[in-house]
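Reading the structure
Spelled out, the chains give:
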Amino acid sequence: MPSTETIREADRMMTICNACRYCEGFCAVFRAMLTRRGFVETDLTYMANLCHNCRGCYYACQYAPPHEFNVNIPKVFSELRVETYQDYAWPGFLAALFRRNGLVVSLAMGFGLGLVIALTLALQDPAIVFGTHVGEGAFYRVIPYEAMVWPFGLVFLVMILAMAVGVVRYWRDTAGGIAQDLSLPALIGGLWDGLTLENLRGGGGGCNYPDERFSETRRWLHHFTFYGFMLCFAATSLATVYHHVFGWIAPYGYLSGPVILGTVGGIGLLIGPAGLLWLKWKADPAPETSSLRGMDVAFLVLLFMTSLTGLLLLAFRETAAMGALLAVHLGFVLAFFLVLPYCKFVHGFYRLAALVQYAMERAALAKKAG
Ligand code: SF4
Ligand code: SF4
């Protein structure tokens, strides 16, 4: 369960906000607040995940520190988000991985790299690892297809299952009571708000990040990161279809679908995480919990390195560096898969669930009113 202290603080601040209401037009959190007279734990968990940490309410608030009311909504909600990721993590004994997450992700990177490089060097002839391979099946001469697909596929599926269990448990607790209001329009509405990052627009001028000035930069960098990831995922899926449906074996031509999708996505995954790291370095630390900061940085570094090594592999795939680059890239991919349900990656799913719940609440209210 989220700590009593965090819940108590979130409740105290939301109660002040519900009396003040100055920020009622700022974002979905305040609109959700207006429909409640009091806040039980699941309300606060839902609202914390609805918060996009735009920081607009922090810089606008007359009761923010150093005022004695000490109202700091983005900070208390960021702490509550970390606690909810822990609370719903599956299996439960791995929930502690969300604490000191920077260290956990760094260890996963070391483990992934060490394991793949050690296995490649131990099981493959060095003349092949450091040789030049071109044409159909070049990658698989260094690391056989089965050795790539089965272990990686299995780890990926287990981690997707772990994430799905966490999000379903979260949904059952926070939206279970209004599940009957789930509809296609609510689903589309929540999805649209998530895909456009509507709640990072602020009042139209963007969020107050990295400082109190309004800026759209963070929203665009999020888009580079998210859509870059989705394009890389599409590239891998298309390559799987090529392999299994058409029998076309990688590596594919520079103008083929998987390579174009992977290259564009990979560039997005360099620009987005690098830009977000730069913003984070400049950002005012006051409206944020320190545990989320480590988690954010570690995840962005992992995304950046996975993309960078993938693009380097593409650029040097016809040279003697291909074998080493393939092992290093797969090491980062393995680390990414291993930490997937226990790192910042999960925030997208919890936030999407909160946005769908918000759309359901709005639809139910509209029905009641008219
Ligand atoms: S954040 Fe501050 S200004 Fe905004 S509603 Fe709450 S108390 Fe009022
Ligand atoms: S930080 Fe932004 S998204 Fe979060 S509650 Fe405040 S205004 Fe809303």
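Everything quoted here is computed from the prediction, not taken from an experiment. Residue numbers restart at each chain and count upward from 1, following the sequence in its written direction. For this description, chains carry letters from A and ligands carry numbers from 1, given in the order in which they are written. Reporting in this predicted model follows two pLDDT cut-offs: at least 70 for local features of residues, and 80 or more for side-chain atom pairs to be given and counted; totals over whole chains, interfaces and linings ignore these cut-offs and use all residues. Think of the side-chain values as coming from all heavy atoms in the structure, minus any hydrogens and water.

1. Observations concerning the pattern of salt bridges
- Salt-bridge detection follows one rule: a side-chain nitrogen of Lys or Arg within 4 Å of a carboxyl oxygen of Asp or Glu. In the structure shown here, the tally under the stated rule is 13 salt bridges.
- Arg8 is paired through a salt bridge with Glu5; the nearest N and O atoms lie 3.0 Å apart. Within this pair, Arg8 and its partner Glu5 are both found in helix H1 (residues 4-20), separated by 3 residues, close to a single helical turn.
- Looking at Glu5, the relative accessible area reads 45%, which means it is partly exposed.
- Arg55 serves as the salt-bridge partner of Glu288, at 3.8 Å between the closest nitrogen and oxygen. Here Arg55 lies in the loop between helix H3 (41-50) and helix H4 (56-60) and Glu288 lies in the loop between helix H12 (257-282) and helix H13 (290-315), a separation of 233 residues in the sequence. Side by side, Glu288 and Arg55 carry an identical accessibility label, which is buried. Segments assigned H or I by DSSP are reported as helices when at least four residues long, segments assigned E as strands when at least two residues long, and all are numbered from the N terminus. Under the scheme applied here, a residue whose accessible area is under 20% of the maximum for its type counts as buried, over 50% as exposed, and between as partly exposed, the area being computed with a 1.4 Å probe on protein chains only.

2. Quick look at the site of ligand 2
- Every residue lining ligand 2 is accounted for by Cys27, Val29, Phe30, Cys51, His52, Asn53, Cys54, Arg55, Cys57, Ile73 and Pro74.
- Looking at the shell around ligand 2, the elements that each hand over two or more residues are helix H2 (28-34) and helix H5 (73-88).
- Think of it as three bins: nonpolar holds Ala, Val, Leu, Ile, Met, Phe, Trp, Tyr, Cys and Pro, charged holds Asp, Glu, Lys and Arg, and polar takes everything else, Gly as well. Of the residues in the shell around ligand 2, the class split is 8 nonpolar, 2 polar and 1 charged. Nearness is defined per residue: one heavy atom within 4 Å of the molecule or strand is enough.

3. Structural notes on the packing of H12 against H13
- Put simply, H12 and H13 touch, their axes get as near as 9 Å, and they point 150 degrees apart. The handedness of the crossing between H12 and H13 is left-handed.
- For the contact of H12 with H13, a count of residues per class yields 17 nonpolar, 4 polar and 3 charged. Angles run from 0 to 180 degrees between N-to-C directions of axes, and those axes are lines fitted to C-alpha atoms, restricted for helices to the stretch in contact. Working rule for handedness: look at the near helix, and if it is turned counterclockwise from the far one by less than a right angle, call the crossing left-handed; if clockwise, right-handed.

4. Concerning the side chain of Glu361
- Among the structural elements, Glu361 can be located in helix H15 (residues 347-369).
- In this structure Glu361 comes out as buried when scored by relative accessible area, which is 13%.
- The contacts of Glu361, once residues within four sequence positions are left out, are Ala32, Thr35, Arg36, Tyr46 and Ile178. It only takes one pair of heavy atoms within 4.5 Å for two residues to be counted as in contact.

5. What to know about the domain arrangement of the protein
- The domain limits used here are those given by an automatic or database domain assignment. According to the domain assignment, the protein consists of domain 1 (4-88) and domain 2 (92-362).
- Each of domain 1 and domain 2 was reduced to a C-alpha centroid, and the two centroids are 29 Å apart.
- With 32 residues of domain 1 at the contact, the number on the domain 2 side is 39 residues.
- The buried area of a pairing is the accessible area, by a 1.4 Å probe, that goes missing from both parts when the two are put together, added over both. At the boundary of domain 1 with domain 2, total buried surface from both sides reaches about 3,400 Å², with 55% on carbon and sulfur atoms.
- It is His52, Tyr85 and Tyr88 that lose the most area in domain 1 upon contact with domain 2, and together they represent 26% of the buried surface on that side.
- Viewed at the interface, domain 2 and domain 1 are joined by 3 salt bridges.
- The partner of Glu79 in a salt bridge is Arg99, with the nearest N and O atoms 3.0 Å apart.
- Sorting elements by how many residues they give to the side of domain 1 that touches domain 2 places H5 first, with 11 residues.
- Split into classes, the residues belonging to the side of domain 1 that touches domain 2 amount to 14 nonpolar, 10 polar and 8 charged.

6. Considerations on the site of ligand 1
- Close contacts around ligand 1 come from Ile16, Cys17, Cys20, Arg21, Tyr22, Cys23, Phe30, Cys57, Cys61, Gln62 and Tyr63, and that covers them all.
- Of all the elements, H1 adds the most residues to the shell around ligand 1, at 3 residues.
- Among the residues making up the shell around ligand 1, the classes are represented as 9 nonpolar, 1 polar and 1 charged.

7. Things to note about the layout of surface pockets
- Quantified by volume, the largest pocket comes out at close to 1,600 Å³.
- Residue lining of the largest pocket: 42 residues in total, with Cys232, Ala235, Thr236, Ala239 and His329 positioned closest to the centre.
- Taken together, the elements giving at least two residues each to the lining of the largest pocket come down to helix H8 (138-142), helix H9 (145-175), helix H11 (217-246), H12, H13 and helix H14 (322-339).
- When residues in the lining of the largest pocket are grouped by element, the largest group, 10 residues, is from H11.
- A breakdown of the residues in the lining of the largest pocket according to their chemical character gives 28 nonpolar, 13 polar and 1 charged.
- A volume near 1,200 Å³ is recorded for the second largest pocket.
- Both site types are read off a 1 Å grid over the protein atoms alone. A 1.4 Å probe that fits but cannot get out defines a cavity, while an open set with protein on both sides within 12 Å along at least five of seven lines defines a pocket; lining residues have an atom within 4 Å of a point. Forming the boundary of the second largest pocket are 44 residues, of which Phe226, Phe345, His347, Gly348 and Phe349 lie nearest the centre.
- Looking at the lining of the second largest pocket, the elements with two or more residues in it are H9, helix H10 (184-196), H11, H12, H13 and H15.
- Looking at which element gives the most residues to the lining of the second largest pocket, the answer is H11, with 9 residues.
- When its residues are assigned to classes, the lining of the second largest pocket shows 29 nonpolar, 8 polar and 7 charged. Grid points are joined across faces, edges and corners, and a volume is the space filled by probe spheres set on the points.

8. What to know about a nonpolar patch on the surface
- A residue counts toward a patch only above 30% relative accessible area and without a salt bridge, and it is joined to like-charged neighbours within 9 Å or, for Val, Leu, Ile, Met, Phe, Trp and Tyr, to nonpolar neighbours within 5 Å. Per-residue accessibility takes into account occlusion by the displayed protein chains alone, with areas from the Shrake-Rupley method and a 1.4 Å probe. Taken together, the side chains of Leu191, Leu195, Phe226, Tyr227, Met230 and Phe233 define a hydrophobic patch exposed on the protein surface, amounting to about 500 Å² of accessible area.
- Only H10 and H11 provide two or more residues apiece to the nonpolar patch.
- If one sorts the elements of the nonpolar patch by residue count, H11 sits on top with 4 residues.
- On the secondary structure map, Phe233 appears in helix H11.

9. Concerning the environment of Gln86
- Relative to the assigned elements, Gln86 resides in helix H5.
- Each polar contact in these results corresponds to two N or O atoms within 3.5 Å; when the atoms are within protein, one needs to be able to donate a hydrogen and the other to accept it, and residues that are neighboring in sequence are counted only if both atoms are side-chain atoms. A polar atom in the side chain of Gln86 sits 3.1 Å from the side chain of Arg99.

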